[in-house]
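Residue-level listing of the chains:
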Amino acid sequence: MWFFNSIFGKIFEFIFIPFSKMNPWIGMAVASFLTGIFMLAIFRWTSNQEGIRNVKNKIKAHLLEIRLYKDNLSLSLKAQGNILRYNLKYVGYSAKPMVFMIIPIVLIIIQLNFWFGYESLSKGQNFILKVKLKQGYNPLHTNIVLKPSSGIIIETPPLRIEEEGEIDWRLAVAEEGSSNLQILVNGQSAIKTLTVSQNSICRISPIKVQHNIFQEILYPGEPPIKKDIPIQSIEIKYPQKRMNLFGWHIHWIIAYFILSIIFGFAFKGFLKVEI
Amino acid sequence: MTEKQIKRLKVFFILFFAIILPLKAYIGPGAGFAFLSSFLVLFLTFLLAIFSFLSWPFRFFVRMIKGQRAYKKSHINRLIILGLDGMEPALIEKFMSKGKLPNFSKLKNTGTYARLETTIPAISPVAWSSFMTGSHPCKHNIFDFLSRDPKTYLPDLSSSRVGNPKRVLSIGKYNIPLSKPEIKGLRKSIPFWKILGDKGIFSTILRVPITFPPEKFRGHLLSGMCTPDLKGSQGTFFFYTSDEEKIKKREGGINIPVTINNNSLETYISGPENTLVKTKEELRLPMKITFDNNKKDALIQVSGQKIRLKSKTFSDWIKLSFRAGLGIKVKAICRFYISQLDPHFEMYLTPLNIDPEKPALPISYPFIYSVYLAKLLGSYITLGEANDTWALNEGVLSEQAFLELSYYNHQEWENMLFNAMNKTKKGMVVSWFETTDSIQHMFFRYLDEKHPALKTGQAKMSKKVIEDLYQKMDELVGKVYNQLDDKSVLVVMSDHGFKSFRRCVNLNSWLYKNGYLSLKAGKLRSEEWFKDVDWEKTKAYGLGLGGVYINQKGRESKGIVNTGEETKALKKELIQKLNGLKDEECGAIAINKVFDRDELPPGPYKENCPDLIIGYNEGYRVSWESVTGKVNDIFFEDNTKAWSGDHCIDPRIVPGIFFINKKINTSTPSIVDIAPTTLELFGVNPPAHMDGHSLINKEIFYQAKKEGNTREKE
């Protein structure tokens, strides 16, 4: 799974690296454009284009019918009934391409979340590191040591929360540059990367998870923790990132949703896709 | 896969989709857009519903206070008029007597059947104009398909004029229009549906001739005969062929020679003139065709589309988009038909119809009506003269293909009719069908064993074609009849009948040989549109399907005959000579009667009427050459074209048909009586300018109304 994740991740890295120092909206526009086009192609191949075209025509016809027979209340009502009927059919026609699209789009969104979901850390900023142990391991009785790379300072001793099976530290960034955190548990070690950057967009992996196909799909940013290490996950609490739209801070997925729809709409004629 | 594994897989997918919910259930722009559109549609529908509910009482109230309590005086709720162009009484009577038309017979037995007096001349645009206005031609100004410009002696379309925009902005190579193109209807007087609409009675008028450009009234109208194609003509087909021997001048069409390389060819579709550029060059669409001779099909690539088409099969309507420049596109629809793949490639392309979804010219009232019909029922033919008779006449379409195409068109019109009927519980629906006219024009020779065209060209079918046509119309009447209620009236009518067209009369040649028309010095014949006529020595000339004009001083630009007595005397002389003109070769009378316009019912547009209208005898008609102003030395010749039936003859021998599911007050109804009858049925007094009279037997109607009211009270 990691092989797939790393290739998929590299593709996104290849796309975003040129825009890493630019305004995040540029990277977002590129991502929205590419996925918009990709999804249009999937929609075209998997949907009943003729059916969608017909059903949309019928909806438009009945909308015009309301206008044409505006003095006839019963015809207007019938037309409205027909619009609802064909609208349901239209939604039905969208169901099949949705099934085909949902897996790639989820994988894309997971990757985009690494680039647009979190703010990277900067010099002087502190953060929380959470290490969750596997079931059956008690944080109070587990020998765990944190060894950060140079430039990272451990500010507090480990906080062991027995109920959550979790051990937390507060750390701070003393120097810029790529860093990682080594965690030693019962003599075995796991390494968690830490992103400290001044780029406007950069890839941030907040969680490293245990080897498990489902977990790896959801958190594909780093290689999984080896099976014999008693750690369930290692998480760095990065600050949430927001897209700045004329002073209005919006979640990246909203921006992505709107932009990709705009691109989809703009290019549907060019790609001859009926949506 | 074990059961446990399947369970695990199911759990995985459930968890997978459950966990992605925080991703706002976003599923891509395509489906996202679909859901967004769907939501917008629901929202819009909801708004419209609210608006309809809230505004309906106000609109109802406004109608009330305007005094448009439309149906208060009406004898009926609904009137359906089926116009079956050219249905011949003699044939319908024959088929009814043989029991082949049960629905027509039922209509006759429950109501009335009569022969319907037509107009002088008996030509569709004239007759249907009289139908809708209740007036004779001198009051509605339509005397033929063509009229003539007395300044140039050149023909004009009699029904409408489409001109360029009056104001244009000239920038570089472009002429950017600042106003709409001039589209002017030339038919005068008021159609009865306009009068009904003013009284609040709603009508749907489908394809009735001479309704282009569409006029404003209370109802819906789709223009019919005389609506142009995208090239501005009355229908220009295209014939693509790799056979050099078949490249010749074809009436009504354009030949496009093609060269085949490795089972494919590259050619073009010839579009309209680009009025946006100063050079007014023709717009063209490149087209590539690749064949598969084994599969007997071809792949046509045009306007960004790929159409796979089997040989001898019509394509569906294909949308074409011509780029005029400055982002402006002109839309058309057309159908392809590959008639042959080898040894030579041959393909027919229908005239470029105005796309009803995006009409380049207004073809309906309101404008959205044509769009509505296309969205609801699919694309449909918009050309006024829809059935491509010239393609069959010129041998581009086979008889079978022509019939197939005509019945495709007919089906579209039936769909429109039944949609309108379903929507009209109160009001009027008038639907015109060209099918009867065009099929009789092209197949009438099978009813005439002596017809010269049976020996030439395509003649592979039989008289069954006409019988089938009448039976199909009978089925249509049956379907409509079954939807009638007690307060519905059904009228089935034709504007004229049909007779065999065996012999052509070269009227202009006769005028030339008898000294009324002169040719330029040294010329013994003239090409089209009087090219070699010496107007300064010409007294009379023929133009169109039945008209003779006197070359009158002060009216024609080079007129030589004085108005008044000189014109009268010339007309008298011509009438005397032409009345009873004999075709010596056949020993038959070619012209029954010449009608003097001064003896026809008067009207304000009499000046535009031909001075004389020729009433040809059965079997005769003006020749193809004479119609277009050609002159030669042959008076009479055989008609060897597939166009073998006609009605542009003595109107007294080509009456139409008239069926109504009620009793009427005369046995000799006339086409001008339909409009006043319709008004009377809806309780509206016919205006004084109408020439016709109501056919309603008021006593029967009032009695029936009284009985109905009594029944309702009980």
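Residues numbered from 1 in each chain as written. Chains lettered and ligands numbered in written order. Predicted model: local features only at pLDDT ≥ 70, side-chain atom pairs only at ≥ 80, totals over all residues. Heavy atoms only, no water.

1. Thoughts on the overall build of chain B
- If you tally the helices and strands in chain B, you get 17 helices and 35 strands.
- Scaling as 2.2 N^0.38, a compact globule of 714 residues should have a C-alpha radius of gyration of about 27 Å, and chain B matches this with 29 Å.
- Each of the three principal axes of chain B carries a C-alpha extent, and together these read 105 × 80 × 60 Å.
- The buried share of chain B, taken over its 714 residues, is 57%.
- Considering only contacts in chain B between residues 6 or more positions apart, those separated by 24 or more positions represent 66%.
- Summed over all atoms, the accessible surface of chain B reaches about 30600 Å², with 54% contributed by carbon and sulfur. (Helix = DSSP H or I, 4+ residues; strand = E, 2+ residues; numbered from the N terminus. Rg over C-alpha atoms; globule rule 2.2 N^0.38 Å. Buried < 20%, exposed > 50% of the residue type's maximum accessible area, 1.4 Å probe, protein only. Contact = heavy atoms within 4.5 Å. Areas by Shrake-Rupley, 256 points an atom, 1.4 Å probe, with all protein chains shown as cover.)

2. What to know about the side chain of Ser623(B)
Residues and elements named next belong to chain B.
- If you trace the backbone, Ser-623 turns up in the loop between strand S32 (619–622) and helix H15 (624–627).
- Exposure remark for Ser-623: the relative accessible area of 0% places this residue in the buried category.
- In contact with Ser-623, other than residues within four places in its own chain, are Cys-504, Val-505, Asn-506 and Glu-637.

3. Some thoughts on the sheet that holds strand S13 (residues 264–273) of chain B
All names here are of chain B.
- The strand order across the open sheet built from 4 strands is S13-S14-S15-S16, with neighbouring strands paired in antiparallel fashion. The sheet is open, and its two borders are formed by S13 and strand S16 (305–310), each paired with just one other strand. Between one strand axis and the next, the sheet turns by 25° as a mean value, whatever way the strands run.
- Of the strand pairs in this sheet, strand S15 (residues 297–302) and S16 are connected by 6 bridges, and their pairing is antiparallel. Paired with Leu-299 across the two strands is Arg-308, which belongs to S16. (Pairing = 2+ DSSP bridges. Axes fitted to C-alpha atoms, helices over the stretch in contact; angles between N-to-C directions.)

4. Examining the domain arrangement of chain B
Residues and elements named next belong to chain B.
- With domains assigned, chain B is organised as domain 1 (75–142 + 187–227 + 384–498 + 659–714) and domain 2 (502–653).
- Look at where the C-alpha atoms of domain 1 and domain 2 centre, and you get two points 31 Å apart.
- On the domain 2 side, the residues contacting the 34 residues of domain 1 number 27 residues.
- Between domain 1 and domain 2, a total of about 2500 Å² is buried, with carbon and sulfur atoms accounting for 66% of that surface.
- Counting every contact that joins domain 1 to domain 2 gives 2 salt bridges. (Domains from an automatic or database assignment. Buried area = accessible area lost by both parts, 1.4 Å probe. Salt bridge = Lys/Arg side-chain N within 4 Å of Asp/Glu carboxyl O.)

5. Concerning the pattern of salt bridges
Residues and elements named next belong to chain B.
- Overall, the coordinates contain 45 salt bridges over all chains when judged by the stated rule.
- The partner of Arg-445 in a salt bridge is Glu-399, with the nearest N and O atoms 2.5 Å apart. Within this pair, whereas Arg-445 is found in the loop between helix H11 (435–443) and helix H12 (464–481), its partner Glu-399 is found in helix H10 (residues 399–423), the two being separated by 46 residues in sequence.
- Judged by its relative accessible area of 3%, Glu-399 falls in the buried class.
- We note a salt bridge from Lys-464 to Asp-468, for which the minimum N-O separation is 2.7 Å. In this pair, Lys-464 and Asp-468 are both assigned in helix H12, 4 residues apart and thus about one turn of the helix distant.
- On the basis of relative accessibility, which here comes to 41%, the residue Lys-464 falls in the partly exposed class.

6. Some thoughts on the layout of surface pockets
- Considering only enclosed or pocket space, the largest pocket measures out at about 1800 Å³ in volume.
- Along its surface, the largest pocket is lined by 39 residues, and Arg53(A), Glu274(A), Gln305(B), Lys319(B) and Glu357(B) are the ones closest to its centre.
- For the lining of the largest pocket, the element with the most residues is helix H3 (residues 49–68) of chain A, which contributes 8 residues.
- Looking at side-chain class alone, the lining of the largest pocket contains 9 nonpolar, 10 polar and 20 charged residues.
- Reported here for the second largest pocket is a volume of approximately 1400 Å³. (1 Å grid on protein atoms, 1.4 Å probe; cavity = no way out; pocket = protein on both sides within 12 Å on 5 of 7 lines; lining within 4 Å. Points joined across faces, edges and corners; volume = space filled by probe spheres on them. Nonpolar A, V, L, I, M, F, W, Y, C, P; charged D, E, K, R; others polar.)

7. Focus: the environment of Cys138(B)
Residue and element names in this part refer to chain B.
- Among the structural elements, Cys-138 can be located in helix H6 (residues 137–140).
- When the C-alpha positions of Cys-138 and Gly-252 are compared, they lie 30 Å apart, and in sequence the two are 114 residues distant.
- Ignoring any residue separated from it by four or fewer positions in sequence, one finds Cys-138 in contact with Phe-143, Pro-601, Pro-602, Gly-603, Pro-604, Tyr-605, Lys-606 and Cys-609.

8. Some remarks on the sheet that holds strand S20 (residues 346–349) of chain B
Residues and elements named next belong to chain B.
- Here 4 strands make up an open sheet; going across it, the order is S12-S11-S20-S19 and the pairing mixed. Because the sheet does not close on itself, it has two edges, and the strands there are strand S12 (253–257) and strand S19 (336–340). On average, each strand axis in the sheet is inclined to that of its neighbour by 20°, with strand direction left out of account.
- As paired elements, S19 and S20 share 4 bridges and run antiparallel to each other. In the sheet register, Phe-336 faces S20, and the bridge partner there is Leu-349.

9. Concerning the domain arrangement of chain A
Residues and elements named next belong to chain A.
- One can read the domain layout of chain A as domain 1 (2–117 + 248–267) and domain 2 (126–236).
- Computed over C-alpha atoms only, the centres of domain 1 and domain 2 are separated by 37 Å.
- Contacts between domain 1 and domain 2 engage 18 residues on the former and 17 residues on the latter.
- Summed over both partners, the interface of domain 1 with domain 2 buries about 1400 Å², with 62% contributed by carbon and sulfur atoms.
- Looking only at domain 1, the three residues that lose the most surface to domain 2 are Trp-2, Phe-114 and Trp-115, adding up to 47% of its buried area.
- For the interface between domain 1 and domain 2, the tally reads 5 residue pairs in polar contact (both at pLDDT 80 or more).
- Secondary-structure elements contributing two or more residues to the side of domain 1 that touches domain 2 are helix H1 (2–16), helix H2 (24–46) and helix H4 (73–116).
- Sorting elements by how many residues they give to the side of domain 1 that touches domain 2 places H4 first, with 6 residues.
- In terms of residue class, the side of domain 1 that touches domain 2 is made up of 10 nonpolar, 6 polar and 2 charged. (Polar contact = N/O pair within 3.5 Å; in protein donor to acceptor, adjacent residues only side chain to side chain.)

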